[in-house]
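The residues making up each chain are set out below.
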Amino acid sequence: MAFLCSSLPGSSSIAIFSESNTDGSSRSTLSIPSLKFRFRTVAASSHICAPAIDKSTFVISESVSEDELWAAACLRVRTFNELNPSAYNIQDHRRYLAEREFEALKERTSGKREGFTRVACINATLPLSQLSSSSEDLCSSCKFSDGIEDRVVVGSLDLNQCRWLPDEIAGTKPEGIGVDFARAYLSNVCVAKELHRNGVGYKLIDKSKRVAGEWGITDMYVHVTVDNEAAKRLYMKSGFEQETAEPAWQARYLNRPQRLLLWLSLPTTSSFMS
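Being a predicted model, the structure only gives us computed values, none of them experimental.

Draft legend 1. Summary view of the side chain of Glu194. Mapping Glu194 onto the fold places it in the loop between strand S9 (183–191) and helix H4 (200–215). The class for Glu194 is buried, based on a relative accessible area of 9%. Side chain to side chain, Glu194 and Arg78 meet in a polar contact 2.5 Å long.

Draft legend 2. Up close: the pattern of salt bridges. For the coordinates displayed, the defined rule picks out 17 salt bridges. Residue Arg113 pairs with Glu107 through a salt bridge whose shortest N-O separation is 2.5 Å. Judged by its relative accessible area of 11%, Arg113 falls in the buried class. Put simply, Glu229 and Lys232 hold a salt bridge, and the shortest N to O gap is 3.1 Å. Of the two residues, Glu229 and Lys232 both sit in helix H5 (residues 229–237), three residues apart, roughly one turn of that helix. Judged by its relative accessible area of 42%, Glu229 falls in the partly exposed class. Residues joined in a network through salt bridges with shared partners are Arg78, Arg94, Asp137, Lys193 and Glu194.

Draft legend 3. Broad picture of the confidence of the model for the chain. Looking at the chain, pLDDT values average 81 and 78% of them are 70 or higher. Confidence drops under a pLDDT of 50 for residues 1–49, and excluding neighbours within four residues, the segment shows 222 contacts in the predicted structure.

Draft legend 4. Fine view of the packing of helix H1 (residues 66–80) against helix H2 (residues 90–109). At a minimum axis separation of 8 Å, H1 and H2 run at an interaxial angle of 125°. As far as their axial angle goes, H2 and H1 are oblique. As H1 packs across H2, the resulting crossing turns out to be right-handed. For the pair H1 and H2, the contacting residues are Glu66, Leu69, Trp70, Ala72, Ala73, Cys74, Arg76, Val77 and Arg78 in the first and Arg94, Arg95, Leu97, Ala98, Glu99, Glu101, Phe102, Leu105, Lys106, Arg108 and Thr109 in the second. In the contact of H1 with H2, the residues fall into 10 nonpolar, one polar and nine charged.

Draft legend 5. Summary view of the packing of aromatic side chains. Applying the stated criterion across every chain, the model contains three aromatic pairs. Both rings, one in Tyr235 and one in Phe240, keep their centres 5.2 Å apart while their planes meet at 75°; by these two values the pair is edge-to-face. For Tyr235, a relative accessible area of 0% puts it in the buried group. Looking at Lys173, its charged tip hangs above the ring of Trp263, at a distance of 4.7 Å from the centre.

Draft legend 6. Structural context of the pairing of strand S6 (residues 116–127). Counting buried positions along S6 yields 10 of 12 residues, so the element is predominantly enclosed. Here strand S5 (residues 59–62) pairs with S6 via four bridges, running antiparallel. The partner of Glu62 across the bridge, within S6, is Ile122.

Draft legend 7. Broad picture of the pairing of strand S10 (residues 219–225). Of all seven residues that make up S10, seven are buried, and the element is covered over most of its length. Taking every second residue as pointing to the same face, both faces of S10 are buried, with Asp219, Tyr221, His223 and Thr225 on one and Met220, Val222 and Val224 on the other. Sheet topology note: the S10/strand S12 (residues 259–265) ladder contains seven bridges and is antiparallel. Its bridge partner lying in S12, Thr225 is registered against Arg259.

Draft legend 8. Structural detail: the state of the cysteines. Scanning all chains against the criterion turns up zero disulfides. A disulfide-free cysteine, Cys139 has its sulfur positioned 8.8 Å from the sulfur of Cys142, the nearest such atom.

Draft legend 9. A look at the nonpolar core. By size, the foremost hydrophobic cluster in this structure holds 55 residues, and its most contacted members are Leu195 and Tyr235. By residue number, the principal contributor to this core is H1, which donates nine residues. Of all hydrophobic cores here, the second largest spans 10 residues; its members include Ile169, Tyr185, Tyr221 and Trp263.

About the cut-offs
- Residues numbered from 1 in each chain as written.
- Predicted model: local features only at pLDDT ≥ 70, side-chain atom pairs only at ≥ 80, totals over all residues.
- Heavy atoms only, no water.
- Helix = DSSP H or I, 4+ residues; strand = E, 2+ residues; numbered from the N terminus.
- Buried < 20%, exposed > 50% of the residue type's maximum accessible area, 1.4 Å probe, protein only.
- Polar contact = N/O pair within 3.5 Å; in protein donor to acceptor, adjacent residues only side chain to side chain.
- Salt bridge = Lys/Arg side-chain N within 4 Å of Asp/Glu carboxyl O.
- pLDDT = per-residue confidence, 0-100.
- Contact = heavy atoms within 4.5 Å.
- Axes fitted to C-alpha atoms, helices over the stretch in contact; angles between N-to-C directions.
- Parallel < 35°, antiparallel > 145°, perpendicular 65-115°, else oblique.
- Left-handed = near helix turned anticlockwise from the far one by under 90°.
- Nonpolar A, V, L, I, M, F, W, Y, C, P; charged D, E, K, R; others polar.
- Phe/Tyr/Trp six-rings, centres within 6.5 Å; stacked < 30°, edge-to-face > 60°.
- Lys NZ or Arg CZ within 6 Å of the ring centre and 35° of its normal.
- Pairing = 2+ DSSP bridges.
- Disulfide = S-S within 2.5 Å.
- Core = buried A, V, L, I, M, F, W, Y, C linked by side-chain atoms within 4.5 Å.

Right under this line is the structure:
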């Protein structure tokens, strides 16, 4: 199964599952005043067998510790970068990419990144004991302690309340005064390949809807490459609709895959609570 990945500034990337795209990798780059987007397509991992997981042990929540942010940054590097494991100094390079993403993630979630009103890093985690020995790399790379037990970040996304996305297909809904504060974007959506087909992507998106509703957001957006069918299915089943498509000439000019802009109108906060 494959999903799309997306990225936002600094060291991030917009991502959604396995055939898609946070920062620091060899991808096409869109430079924007104070924002950078990198996109690439990753081969689908349809032959990876999902382990038997007790789904009641999943926790989907906003990251509250730097240890968890670090684990999320490591998952993004692992997901969004195709690195040759036999290459010279590969571990140092992976750590360098993770440090860049970690610092950018801290800056965004702390409210220090210009142009971002509010950012939440939402993660899906499992107890370390739930993952098999076949997931050794995932466990060692993306493990953190919540103070009670060791857990592993197996999915992640950013919910971004932005003033605007310069030079982007940014959407037209909602309309009127205050539109920028009523709209949010998903980025860096990713799930560890070992956990595909366990519903992690849907759980992350559902949690992002609830957090956005608590923020007073009325409309959510995400970018998807036109040929990323798995990502489109994920979002459409989660209630998103296509609003517009990037012109093919613009994608060629920017040296990146052509993208669609998907939009979701959120229910009111009271609806979430019912």
